[in-house]
Amino acid sequence: MLALNTDHLKSFVSTDELDKAFPSVHRAHDFLLQHNGPGAEFTGWLDLPSRISDAFIKELTALAAEVQKNSDCIVSIGIGGSYLGIRATIEFLGSGKLPVYYAGHQISSDYLHQLLNTLKDKRPTVVVISKSGTTTEPAIAFRVIKKSLESKFSSEDLKQRIICVTDQKKGALRKIADQAGYRSFVIPDDVGGRYSVLTPVGLVPLALAGIDIAGLVEGARKAQAEYAVCDLEKNTCYRYAALRNILYNKGKRIEVLASFYPEVFYVAEWFKQLFGESEGKQGKGIFPASLIMSTDLHSMGQWMQEAERSVFETFLQIDKPHHDVIIPEDKEDLDGFNYVAGKGFDFVNKKAYEATSAAHFEGGVPNMTITLCKADAVHLGHLYYFFEKACGISGYVLGVNPFDQPGVEAYKKKMFALLGKRL
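Residues numbered from 1 in each chain as written. Predicted model: local features only at pLDDT ≥ 70, side-chain atom pairs only at ≥ 80, totals over all residues. Heavy atoms only, no water.

Caption draft 1: Highlighting the packing of helix α4 (residues 84-93) against helix α12 (residues 265-279). With their axes 7 Å apart at the nearest point, α4 and α12 run at an angle of 155° to one another. Put simply, α4 runs roughly antiparallel to α12. Where α4 crosses over α12, the two elements pack in a sense that is left-handed. Taken together, the residues of α12 that come into contact with α4 (itself represented by Leu 84, Gly 85, Arg 87, Ala 88, Glu 91 and Phe 92) are Tyr 266, Val 267, Glu 269, Trp 270 and Gln 273. (Axes fitted to C-alpha atoms, helices over the stretch in contact; angles between N-to-C directions. Helix = DSSP H or I, 4+ residues; strand = E, 2+ residues; numbered from the N terminus. Parallel < 35°, antiparallel > 145°, perpendicular 65-115°, else oblique. Left-handed = near helix turned anticlockwise from the far one by under 90°. Contact = heavy atoms within 4.5 Å.)

Okay, structure coming up:
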């Protein structure tokens, strides 16, 4: 389902170096397997795919049918892990049965004003996602949107139109849901936000929108089984984690996730949060960046080819995209492109990737390629689990706790003080 090509790491990483990395990978594997490493209380994602019941998927499918009958759009309110996985999935797979609007992922008044105008004549179902209910961005967005909905729907109708995904027992959003009688789903205590795309955080809004959540879970289940063995030859997930740490220790401090498929844009944004928030600690951490080719070849291509050699590249390719378009023959051939007439755009796209990966390798940028067989829900679910487990292994190899985010609280304390909140 997923292949890792490391041909363009030759001369940068030796077999001997990979062998020497195995003990640290094995130690990281044991941390995860035995749930006794730093942050072990947040490793519930590890066996999550196999714990998601088919009954729960059927429950969400039934709820989705009800919502799709009575609503014409979904509003997903959340930030970070409560936003990126949802948007990444929808952008990658294409729109489902209902359009999805997003709120609470920033604090732009112009954006929210425009969203409120868009929703004026619509019948939305709102999914608000927050463990605590007190994260600034989603909390104030929900307050505004709820007020707007109250002006045109009864309190009984809102019980069907507002769904809360939050803590089981505590927190502001739990109190709101219980007092108002909103339907709710539970965020597991043992899964952190950036690892939560396969919990109700992601599955609830995705199901309501009409996304194939059964396929996502199926792909993740396959990945859970495939990446269970601690073997750098057989386990491409572990090999990827080991390779990126070897490159980091050689001064390659930036990883660029590059793709020639624009639908990967928000998958890359999800990837950046996953690795950035997991590894950026104690003065350590690979800086995760992303490029969408071939667009960015005309803006960042020069930097990638000839700038400071502090970067390595991971290409994310798709063997079979959703569609292809054939290039027609032109009688005049004034542009001189009849030599590719009859070929598909994807053929040209893949040749551009081959040329770029080779050129960057020759220019001193080590790179590897992850290829998905198909651009469908099963393969995306597989990819999510691949990156999640690679991140857990990589963080432990790096020597940090990959499941906390102490630095995130620094700006929040200062912002609350500036806003006048009593702490």
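Caption draft 2: A look at a negative patch on the surface. A surface patch of negative charge is lined by Glu 329, Asp 330, Glu 332 and Asp 335. Its location among the elements puts Glu 329 in the loop between β9 (311-320) and α14 (345-362). (Patch = residues over 30% accessible without salt bridge, like charges linked within 9 Å, V, L, I, M, F, W, Y side chains within 5 Å. Areas by Shrake-Rupley, 256 points an atom, 1.4 Å probe, with all protein chains shown as cover. Salt bridge = Lys/Arg side-chain N within 4 Å of Asp/Glu carboxyl O. Lys, Arg positive; Asp, Glu negative; His and termini not counted. Charge placed at Lys NZ, Arg CZ, Asp CG, Glu CD.)

Caption draft 3: Structural view of the nonpolar core. Within the largest apolar cluster, 109 residues are counted, with the highest numbers of intra-cluster contacts made by Leu 208, Tyr 240, Trp 270, Leu 383 and Phe 387. The biggest single contributor to this core is helix α15 (residues 377-398), with 12 residues. In this view, Tyr 240 contacts Leu 4, Glu 255, Phe 271, Phe 275, Thr 314, Met 368, Phe 386, Phe 387 and Ala 390; residues no more than four positions away in its chain are not counted. One finds Ala 103, Leu 115, Leu 119 and Ile 162 within the second-largest nonpolar core, a separate group that totals 20 residues. (Core = buried A, V, L, I, M, F, W, Y, C linked by side-chain atoms within 4.5 Å. Buried < 20%, exposed > 50% of the residue type's maximum accessible area, 1.4 Å probe, protein only.)

Caption draft 4: Examining the pattern of salt bridges more closely. What the rule picks out here adds up to 23 salt bridges. In this structure, Lys 222 engages Glu 218 in a salt bridge whose closest nitrogen and oxygen atoms are separated by 3.1 Å. In this pair, Lys 222 and Glu 218 both sit in helix α10 (residues 213-226), four residues apart, roughly one turn of the helix. Residue classification places Lys 222 among the partly exposed positions, given a relative accessible area of 39%. Under the relative-accessibility criterion, Glu 218 is labelled partly exposed at 34%.

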